[in-house]
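Each chain, letter by letter, is given below.
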Amino acid sequence: MNLLNLNNSEREVFHVLQKRGPLTKHEILAVCDIRPSNLNRIIAYLLNEGMIVEEGQDISSGGRKPSIFDIRKDHSYIIGVQMSHLSIKVVLTDLKMQILQNEERLRTPDCAWDRETVMASVLDFAYRALKKSGISEERLLCIGVGVSGTVDYRTGIIGPADHVSFLDWPHLNVKSELEEHFRCPVYVDLGANAVAIGEYLYGSGQNCTSLAVLGYSAALSSAFISNGKLVRSATNSENHFAHTVINVAGEQCACGNRGCLQTYASISVVVREVMRRIALGENCSLDVNNFDMDTYRFISILQAAYAGDKVCTEEIKKSAYFYGIGLSNYVSLLSPEIVVLTGPFVGYDELYFETAVNIAKNILAKKGITKTCFQKYTHLGKEKGSLAISAAALAFECYMNSPIVSR
Ligand SMILES: [Zn+2]
């Protein structure tokens, strides 16, 4: 089966079954711009080529029961990789984006996180996933990698660490490193872009025309899909939202400007402000000496907030307030149908999510903007992490030369 030999109509039917199958011919015709006689020919051809299978028969409303069709999902497989300054994750999926294997390593304050160690782990995880499933390398269709920070999607080279990237693997060519070991195509993109594509095609975005993914972490990432196409930034970074100015007389930001959203509403700011108040002698239950990394401290801060700590609760709400202002600016400008908020903070409590979204909704309501839906987490992958599976989804679209990826 060679998916690349399909003509446009055949490809359209295959894509619909891959994402929404199993379907009857009637259901396929409802979403594809194809004549019934042409669909019969396409179904016969795809069945004969072993690309799709007849899965049985649907419930009849009288007369002959209609056949239902789906792709042959076990013909080839995809590896999805998540790479960030806090975690690496590798998933092995079938063509329906069902996860068969899942390997993950979280960064801890005392573990090595240099480029050689991380790449060795990615390769180890990928080989292990194939071995555990009994799948040979020849059956890999492609590999997708989602990188948090800055990466050139054409070359696969990670950008240097600066004010918009927390990855310290400058000039690491993820694409060529993986292509040295695997014979299939490797596609690399920003993590936020991958998540947006995954959610648009397999999650809540399936019936909408525009969707934004905004990530809250050490940086504030963003990705946007408009009319079925990924909108790319000019500088291969996912962190531009972080450097939108919300106070011209505000604090100095690492980017050189003043008053960026990043200086009010990132994990680093919450940690810094809690630490500052503790240093000033305020009563706080947090033991800040246990962790060296901002994100782990942030988790402790959230836990302290649940337990009723006043300082931690106030600083989280303050950060969420400013994030809500940034959120309202973003939505005012682009009016996405759906805004998906993701990131390590989201699952811990309603505190940040509800505060930020309520602030944004209040500001937007005064401008008459009320239709945007704010969603917590992606539906694809959910809080267990959507980036690796989304990277697999992105890779499939790149492999098929789909318009959404705009490469
Ligand atoms: Zn800035």
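No experiment lies behind these values; they were computed from the predicted model shown. (Residues numbered from 1 in each chain as written. Predicted model: local features only at pLDDT ≥ 70, side-chain atom pairs only at ≥ 80, totals over all residues.)

Peer 1: So what exactly am I meant to see when it comes to the overall build of the chain here?
Peer 2: Tallying secondary structure elements over the chain gives 11 helices and 13 strands in all. A globule of 407 residues ought to have a C-alpha radius of gyration of about 22 Å, and the chain, at 23 Å, matches this closely. Expressed along its principal axes, the backbone C-alpha trace of the chain runs to roughly 75 × 50 × 40 Å. Within the chain, contacts between residues separated by at least 24 positions form 64% of all contacts whose residues are at least 6 apart in sequence. (Helix = DSSP H or I, 4+ residues; strand = E, 2+ residues; numbered from the N terminus. Rg over C-alpha atoms; globule rule 2.2 N^0.38 Å. Contact = placed C-beta atoms within 7 Å.)

Peer 1: I keep staring at the sheet that holds strand β13 (residues 373-376) and nothing clicks. Help me out?
Peer 2: Sheet strands pair via backbone hydrogen bonds, and the direction of the pair is either parallel or antiparallel. The five strands are arranged β11-β10-β9-β12-β13 in an open sheet whose pairing can be described as mixed. The sheet terminates laterally at β11 (229-231) and β13, the two strands that pair on one side only. Between one strand axis and the next, the sheet turns through 20° on average, direction left out of account. One ladder, built from seven bridges, connects strand β9 (residues 210-216) with strand β10 (residues 220-226); its direction is antiparallel. When the sheet's bridge partners are listed, S210 is paired in β10 with S226. Across the sheet, helix α9 (residues 310-334) lies against β9, β10 and β12 (338-342), angled at about 160° from β9, the strand it touches most. (Pairing = 2+ DSSP bridges. Axes fitted to C-alpha atoms, helices over the stretch in contact; angles between N-to-C directions.)

Peer 1: Looking at this model, I keep getting lost on the domain arrangement of the chain. Mind explaining?
Peer 2: Frequently, the measure chosen for interface size is the accessible area removed from exposure when the parts meet. Each domain of the chain was delimited in the assignment, giving domain 1 (3-71), domain 2 (77-200 + 384-402) and domain 3 (207-377). Look at where the C-alpha atoms of domain 2 and domain 3 centre, and you get two points 25 Å apart. Of the residues lining the interface, 23 residues belong to domain 2; the matching set on domain 3 comes to 25 residues. Ranked by residue count, the leading element in the side of domain 2 that touches domain 3 is helix α6 (residues 191-202), at eight residues. Considered class by class, the residues forming the side of domain 2 that touches domain 3 number 12 nonpolar, nine polar and two charged. (Domains from an automatic or database assignment. Nonpolar A, V, L, I, M, F, W, Y, C, P; charged D, E, K, R; others polar.)

Peer 1: I tried to follow unusual backbone geometry on my own but got confused; where do I start?
Peer 2: For residues that are not glycine, phi is negative in most cases, and the peptide bond is trans in most cases. For the peptide bond that leads from G21 to P22, omega is 5°, which places it in the cis range. Mapped onto the elements of the fold, P22 is located in the loop between α1 (8-20) and β1 (23-24). Of note in this structure, N401 is not a glycine but carries a positive phi near 55°. Position of N401 among the secondary structure elements: in the segment after α11 (387-399). Note on N401: 10 C-beta atoms within 10 Å, which makes it exposed. (Buried ≥ 20, exposed ≤ 12 C-beta atoms within 10 Å, placed from the backbone.)

Peer 1: Even after reading the chapter, I still don't get helix α3 (residues 36-48), so can you show me in this structure?
Peer 2: An α-helical segment advances 3.6 residues per turn. Residues three or four places apart therefore align on the same side. With 13 residues, α3 extends 18 Å between its outermost C-alpha atoms, agreeing within 8% with the 18 Å of an ideal straight helix rising 1.5 Å per residue. Count one or two residues on from α3 and you reach G50, which has phi positive near 75°. (Expected span 1.5 Å × (residues − 1).)

Peer 1: What exactly am I supposed to notice about the nonpolar core here?
Peer 2: Across soluble globular proteins, you tend to see nonpolar side chains buried next to one another. One finds A196, I301, A392 and A395 to be the most contacted residues of the largest nonpolar core, which totals 103 residues. If you tally residues by element for this core, the top one is α11, at 11 residues. Grouped together as the second largest cluster of nonpolar side chains are 14 residues, L23, I28, I42 and I52 included. (Core = buried A, V, L, I, M, F, W, Y, C linked by C-beta atoms within 7 Å.)

Peer 1: Honestly, the sheet that holds strand β5 (residues 87-93) in this entry has me stumped. Any pointers?
Peer 2: Strand order in the open sheet formed by five strands is β6-β5-β4-β7-β8, and the pairing between neighbours is mixed. Taken across any chain shown, the strands that pair with only one partner, and hence form the sheet edges, are β6 (99-106) and β8 (186-190). Between one strand and the next, the sheet's axes are offset by a mean angle of 15°, whatever the strand orientation. The sheet strands contacting helix α4 (residues 115-133) are β4 (77-83), β5 and β6, and the helix crosses β5 at an angle near 25°. Sheet strands in contact with α6 are β4, β7 (140-147) and β8, and its direction is about 100° off that of β8.

Peer 1: When you look at the pairing of β4 in this model, what are you seeing that I'm missing?
Peer 2: On a regular strand, each side chain points to the face opposite its neighbour's, so the side chains alternate between the two faces of the sheet. Along β4, seven of the seven residues are buried, which leaves the element largely enclosed by surrounding structure. Residues Y77, I79, V81 and M83 point to one face of β4 and I78, G80 and Q82 to the other, with burial holding for every one of them. Where β4 and β7 come together, seven bridges link them in parallel fashion. For I79, the partnering residue across the bridge sits in β7 and is I143.

Peer 1: Please explain α11 as it appears in this structure.
Peer 2: With 13 residues, α11 ought to run about 18 Å at 1.5 Å a step, and its terminal C-alpha atoms sit 18 Å apart, in line with that. With respect to burial, α11 is a largely interior element, 13 of its 13 residues being buried. N401 lies just past α11 and shows a positive phi near 55°.

Peer 1: Explanation requested: the packing of helix α7 (residues 267-279) against α9 in the structure shown.
Peer 2: Helix-helix packing is characterised by the crossing angle of the two axes and by the distance between the axes. Two elements in contact, α7 and α9, have axes separated by 9 Å at closest approach and are oriented at 145°. Classified by chirality, the crossing of α9 by α7 is right-handed. Here V269, V270, E273, V274 and R277 of α7 lie close against α9, whose contacting residues are V311, C312, E315, I316 and S319. Among the residues forming the contact of α7 with α9, the class breakdown is six nonpolar, one polar and three charged. (Left-handed = near helix turned anticlockwise from the far one by under 90°.)

Peer 1: In this structure, what is going on with the packing of α9 against helix α10 (residues 350-366)? I would like to understand it.
Peer 2: Closest axis-to-axis distance for the α9/α10 pair is 7 Å, and the angle between their directions is 40°. If you check the angle between α9 and α10, you find them oblique. The two elements α9 and α10 cross, and the hand of that crossing is right-handed. Taken together, the residues of α10 that come into contact with α9 (itself represented by I316, K317, A320, Y321, Y323, G324, I325, L327, S328, V331 and S332) are L351, Y352, T355, A356, V357, N358, I359, A360, I363 and L364. Classifying every residue of the contact of α9 with α10 gives 15 nonpolar, five polar and one charged. (Parallel < 35°, antiparallel > 145°, perpendicular 65-115°, else oblique.)

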